[in-house]
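These are the residues of each chain, in order.
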Amino acid sequence: MSAQAANDLSTELTLLSSVRCFGGQQNQYQHDSKVLNCTMQFSVYLPPNASAEKPVPAVYWLSGLTCNDQNFSTKAGAQRVAAELGLALIIPDTSPRGEDVPDDLDAAYDFGLGAGFYLNSTQEPWQKHYQMYDYITRELPGLVERHLPLTDKRAISGHSMGGHGALVIALRNTFHFTSVSAFSPIVSPMECPWGVKAFSHYLGEDRSLWKQYDSVELIRAGAPHLPMLVDQGSADGFLAEQLKTELLETACNNFEYPAEIRYQEGYDHSYYFIASFIEEHLRFHARYLKG
């Protein structure tokens, strides 16, 4: 890295930690987000073969309610496979953070801090900070691709609220991602308590605005096809009330959207489920990132 490049990096990104992992580096960074109007942290895994001369493609991982940028990197066991496949992992936080960022008045886990729902809020007092859709689709990719050894080839995945975010962002940006996958996603936030609460506060009561952040509605509206893999545990306690995977199945069948939706017998909503199948998801994405 040149002295000028190192200086540019230090002004935009602060490296908080770096540890060796399967021959690569598991890093955590901090930066001032212009989109979210606060200081943000995110984690990155760089495989052993990543270098300025040989940049690598990336899988973006969006975490679920109550998580931050470190849950996936410490619990999913994804680095071994990412190292083998030569994939970077980009792991953002789940919401804006900071003393000035508004939170749920009752400190509920399903709204406010840790629950950004990967959308652009239009309502006060959330509008100033809760612009997670623009952060994931514009600011973060631009930042990491300027300063880290990454190509512009990207895939996206996520869990629960992050599965919702991955599906919606991919369906709206098929030119931006090669493939999408999800574990236990909230497939139709408009039809579940978590989503209705979040959308009512962040977006207001006009349900026509909600449709742009609902993967079922996007498929019904004719979203372009993108390779899609969804895994759902049959023993997931949130399946019936919050996740409603059958709505995604029906939409894909009715509108001939070629998604692979799998029910994994006996698995729940936890990171044990994610760790059990993350290798298959990364290999799925590698086919399109490198194909």
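Look above for the structure.
Residues numbered from 1 in each chain as written. Predicted model: local features only at pLDDT ≥ 70, side-chain atom pairs only at ≥ 80, totals over all residues. Heavy atoms only, no water.

A word on helix H5 (residues 161–172)
Each full turn of the α-helix corresponds to 3.6 residues, which orients residues three or four apart in the same direction. Note the cut-off: Helix and strand definitions here come from DSSP, where helices need a minimum of 4 consecutive H or I residues and strands a minimum of 2 consecutive E residues; each element is numbered from the N-terminal end. The length a helix should cover is 1.5 Å for every residue beyond the first. Any residue under 20% of the maximum accessible area for its type is buried, any over 50% is exposed, and the rest in between are partly exposed; the area is computed with a 1.4 Å probe on protein chains only.
The end-to-end C-alpha separation of H5 is 17 Å, in line with the 16 Å expected for 12 residues at 1.5 Å each. Counting buried residues in H5 gives 11 out of 12 residues, a clear majority hidden from the surface. Looking only at H5, the buried set comprises Met161, Gly162, Gly163, His164, Gly165, Ala166, Leu167, Val168, Ile169, Ala170 and Leu171.

Observations regarding the sheet that holds strand S7 (residues 180–183)
The strands making up a sheet are joined through hydrogen bonds of the backbone, oriented either antiparallel or parallel. Selection criterion: Two strands are said to pair when DSSP picks up at least two bridges between them. Here an angle of 0 to 180 degrees is reported between the N-to-C directions of two axes, which are lines fitted to C-alpha atoms, with helices fitted over the stretch in contact. Any two residues having at least one pair of non-hydrogen atoms within 4.5 Å are treated as being in contact.
Ordered by their spatial adjacency, nine strands build an open sheet running S1-S2-S3-S5-S4-S6-S7-S8-S9, and the pairing between neighbours is mixed. A single partner strand is all that each edge strand has here, and the edge strands are strand S1 (14–21) and strand S9 (259–264). Going from strand to strand, the sheet's axes swing by 20° on average, the running direction of each strand aside. Packing of helix H10 (residues 245–254) onto the sheet brings it into contact with strand S8 (228–233) and S9, and relative to S9 it is tilted by some 150°. In the packing of helix H11 (residues 271–289) onto the sheet, the strands contacted are strand S4 (56–62), strand S5 (88–92), strand S6 (150–159), S7, S8 and S9, and the crossing angle to S7 comes to about 175°.

Overview of the side chain of Thr245
Our working rule: Side-chain atoms alone can form a polar contact between residues adjacent in sequence; in general such a contact is a pair of N or O atoms within 3.5 Å, and within protein one must be able to donate a hydrogen while the other accepts it.
Along the polypeptide, Thr245 turns up in helix H10. Of note is the side chain of Thr245, whose polar atom sits 3.4 Å from the side chain of Gln232. With residues near it in sequence (within four places) discarded, Thr245 still touches Val187, Gln232, Leu239, Ile261 and Tyr263.

What to know about the pairing of S4
Of all seven residues in S4, seven are buried, a share of seventy percent or more. Alignment of S4 against S6, held across six bridges, turns out to be parallel. Directly across from Tyr60, in S6, lies its bridge partner Ile156. As judged from the three bridges shared by S4 and S5, these two strands associate in the parallel manner. Note on S5: the bridge partner recorded for Ala58 is Ala88.

Topic: the packing of aromatic side chains
In this description, an aromatic ring pair is defined by two values, namely the gap between the centres and the angle between the planes. Applicable threshold: A pair of aromatic rings is counted whenever rings of Phe, Tyr or Trp (Trp by its six-membered ring) have centres within 6.5 Å, and the orientation is called stacked for planes under 30 degrees apart, edge-to-face for over 60 and tilted otherwise. For a Lys NZ or an Arg CZ to count as sitting over a ring, it must be within 6 Å of the ring centre and within 35 degrees of the ring normal.
Inspection of every chain in the model, using the stated rule, returns 19 aromatic pairs. Judged by centre distance (4.2 Å) and plane angle (15°), the rings of Trp61 and Phe72 are stacked. Here Trp61, found in strand S4, pairs with Phe72, found in helix H2 (residues 71–75); they are 11 residues apart in sequence, far enough to count as distant. Both residues of the pair, Trp61 and Phe72, belong to the buried class. Measuring from centroid to centroid gives 5.9 Å for Tyr133 and Tyr213, while their planes differ by 75°, and the two rings are edge-to-face. Of this pair, Tyr133 sits in helix H4 (residues 132–147) while Tyr213 sits in the loop between helix H7 (207–210) and helix H8 (215–220); the two residues are 80 residues apart in sequence, bridging distant segments of the chain. Residue Tyr133 shares its accessibility class with Tyr213, and that shared class is buried. Its guanidinium or amino end placed over the ring of Tyr213, Arg172 lies 5.1 Å from that ring's centre, counting from NZ or CZ.

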